[in-house]
Amino acid sequence: MAEKIATREAYGNALAEFGDKYDFVVLDADLAAATKTGVFKKKFPERFFDCGIAEGNMISVAAGLAAAGKVVFASSFAMFAAGRAFEQVRNSVGYPHLNVKIGATHAGITVGEDGATHQCLEDFALMRAIPGMVVINPADATEARAAVEAAINYVGPVYMRFGRYAVPVIYDKDTYKFEIGKGVNMTEGKDVTIVATGMLVSMALDAAKILANEGISARVINIATIKPIDRDIILDAARSTGAIVTAEEHNIIGGLGSAVAEVVCEGCPVPVVRMGVEDKFGHSGKVPPLLEMYGLTVENLVAKAKAAIALKK
Amino acid sequence: MEKEKLNCLKQTAAQIRLDIIEEVHAASSGHPGGSLSIAEIITYLYFKEMNVDPANPTWEGRDRFVLSKGHTAPALYAALAEKGFFSRDELKKLRQVDSFLQGHPDMKGTPGIDMSTGSLGLGFSTACGMALAAKIDNKDYRTYAIVGDGESEEGQIWEAAMFAAHYKLDNLCVVFDWNGLQIDGPVTEVMNPTPHDKKLEAFGFHVIAIDGHDFDAIEAAFEEAKTVKGKPTAIIAKTVKGKGVSFMENQVGWHGSAPNDEQYAQAVAEIKATM
């Protein structure tokens, strides 16, 4: 069984690791222990600034730092970074296209016990609607680390989503190359394509194996960059497999499913079936039963894949 | 202040008032009241206080300015044009599709603008970020911001105040433009944010209260601010909304409306009479 690491752990470790190589500062809003920016704080206390429980101020402070030439990471839970501080992200960071990297952790229902108020399921929709914003959702710890370095080297605003829950490591740290805006082909297939993001990528790989046992050939694509989305790989999948299933830990409205449907509708119309949280708020609980409750399971993904194939003309 | 220098600043402030009226009249839209109230403060900042270079607007060593009350951009645009950041001809194109002078300041499009603002409450925080950057990099530039009195009803203003004091941003000087009026009426009646002096002192600021139209007082306040160590300075500037145009003074209605041709002619005549 693959090693499991939460992407937030990888985020904190990456900040501390790359702190030696790159000049950047890190802000947090009283959640350094949870977002894991505390790992960076311990190593580089002079480059870490706690903003207290004031996320809106933190994002605007980050904009000011960036306007003065600093590369800035600003962290909180996705709910507060993308939700509470949406307008600061839009107007202080997005509009002037400033070099702020938003490290948003504890996204999705895998927050678990804290429940609905803390389970952000709308961040992709909010962030990708901001012009010029890059939106990245790594699938595992390897990709999370690589995405942090890519974000440092990219000039402009980036929203990065990390999870609280430990998920399987699917990429090799020494060989994996991450590129902003590039989807990754995980398996080839001809009957259907599962386009997944974040923790759903490893589930998609499991679903493809089950489908293969039933004689269905499923291609799996990892879309870590929700925006700008890799149109080429999605249209290639639409053309070559004729049906697409999307999988994400986000409301089915406005996230990966919507982004993929937009590309497919305009470029190569084929059935797109979306799997995600079906326009509901979250709930408290342990993660495995929560995933069952919201249908974020390998079994549901298999069923959705079959449904997409059934919609082919 | 020397008489000659004082006279020169007064003339510049009058020119900026004239520009404000020209801009808003040409656009048939904009915010004259709060632009006129900060004419002396913005004149002093750009023509005496701040170290900026119109030929190199993004020079790293420059002092920074954030107009947190971004709707009073006509005053800022006038100061930048008079200073030489761009042609005065541009002022007549305020708020038009072929102009870089947006309804609210845009740092990407307009030379000399250090931060895009307009959504109230955000600018003060961005000024904190700039001041913190100077501290991190051991640079000696200073950061200035102007916050509106109505704007101080935004919670983020007080988050920023907490932040500025916590990080001992003594290179930050924030002017509160106390003109007393906001869209829905007198600030103290709409949602009273006073007393600013006691509140800001309690937040950890060095507070100076002045007449915001008196250049000697403005100079003394900015000079005093530079001597303060370990804490940020807030200058509470008592001003008159619509100052310099008789029918606009202390009138809520001139917060965000443009003069017609007749009103424009009268405003211009009144301002020119002071020059």
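Small disclaimer: the values here were computed from a predicted structure and weren't measured.

Turning to unusual backbone geometry, a few remarks are in order. A cis amide bond, omega -5°, links A:Lys227 with the succeeding residue A:Pro228. Following the sequence through the fold, A:Pro228 ends up in the loop between β12 (225-227) and α10 (231-241). With an omega dihedral of 0°, the bond running from B:Thr194 to B:Pro195 counts as a cis peptide bond. Look at A:Asp30: it is not a glycine, yet its phi comes out positive at around 65°.

Right, let's get into the interface of chain A and chain B. Between chain A and chain B, the residue contacts involve 24 residues of the former and 23 residues of the latter. If you list the elements that add at least two residues to the side of chain A that touches chain B, you get α4 (55-67) and α6 (86-94) of chain A. Here the side of chain A that touches chain B gets nine residues from one element, more than from any other, and that element is α4(A). Here the side of chain A that touches chain B is composed, by residue class, of twelve nonpolar, ten polar and two charged.

What holds strands together in a sheet is hydrogen bonding between their backbones, with the strands either parallel or antiparallel. All names here are of chain A. If you walk across this open sheet you meet the seven strands as β3-β2-β4-β5-β7-β6-β12, and the pairing is mixed. At either end of the open sheet lies a strand with only one pairing partner, and these are β3 (48-50) and β12. Each strand of the sheet is rotated relative to its neighbour by a mean of 20°, with strand direction disregarded. Judged from the six bridges that link them, strand β4 (residues 72-77) and strand β5 (residues 100-105) form a sheet pairing that is parallel. Residue pairing for β5: Ala74 is matched across the bridge by Ile102. Each of β2 (25-28), β4 and β5 touches α4; the most contacted strand, β4, lies at about 170° to it.

Next up on the list: the domain arrangement of chain A. Residue and element names in this part refer to chain A. Domain assignment breaks chain A into domain 1 (4-168) and domain 2 (184-310). A C-alpha centroid distance of 25 Å is found between domain 1 and domain 2. Residue-level contacts link 28 residues of domain 1 with 28 residues of domain 2. Each residue belonging to the side of domain 1 that touches domain 2 can be placed in one class, and the counts come to 15 nonpolar, seven polar and six charged.

Compared with the 18 Å implied by 1.5 Å per residue over 13 residues, the 18 Å span of α4(A) between its first and last C-alpha is a close match. With its phi angle positive at about 100°, A:Gly69 sits one or two positions after the end of α4(A).

Rules of the game
- Every chain is numbered independently, its residues counted from 1 as its sequence is written.
- Chain letters and ligand numbers both follow the written order, the letters beginning at A and the numbers at 1.
- Per-residue local features are limited, in this predicted model, to residues with pLDDT of at least 70; the limit for side-chain atom pairs, both in listing and counting, is 80 or more; totals at the level of whole chains, interfaces and linings are taken over all residues.
- Comment: elements are numbered from the N terminus, with helices defined as DSSP H or I runs of at least four residues and strands as E runs of at least two.
- Two residues qualify as a contact pair if the distance between their C-beta atoms, derived from the backbone, is within 7 Å.
- Ten residues, namely Ala, Val, Leu, Ile, Met, Phe, Trp, Tyr, Cys and Pro, are considered nonpolar, four, namely Asp, Glu, Lys and Arg, are considered charged, and the remaining ones, Gly among them, are considered polar.
- DSSP bridges decide pairing: two strands pair if at least two such bridges lie between them.
- An axis is simply a line fitted to the C-alpha atoms; with a helix, the fit covers only the stretch in contact. Between two such axes, the angle follows the N-to-C directions and lies from 0 to 180 degrees.
- Domain delimitation follows an automatic or database domain assignment.
- A helix is expected to reach a length of 1.5 Å times the quantity of its residues less one.

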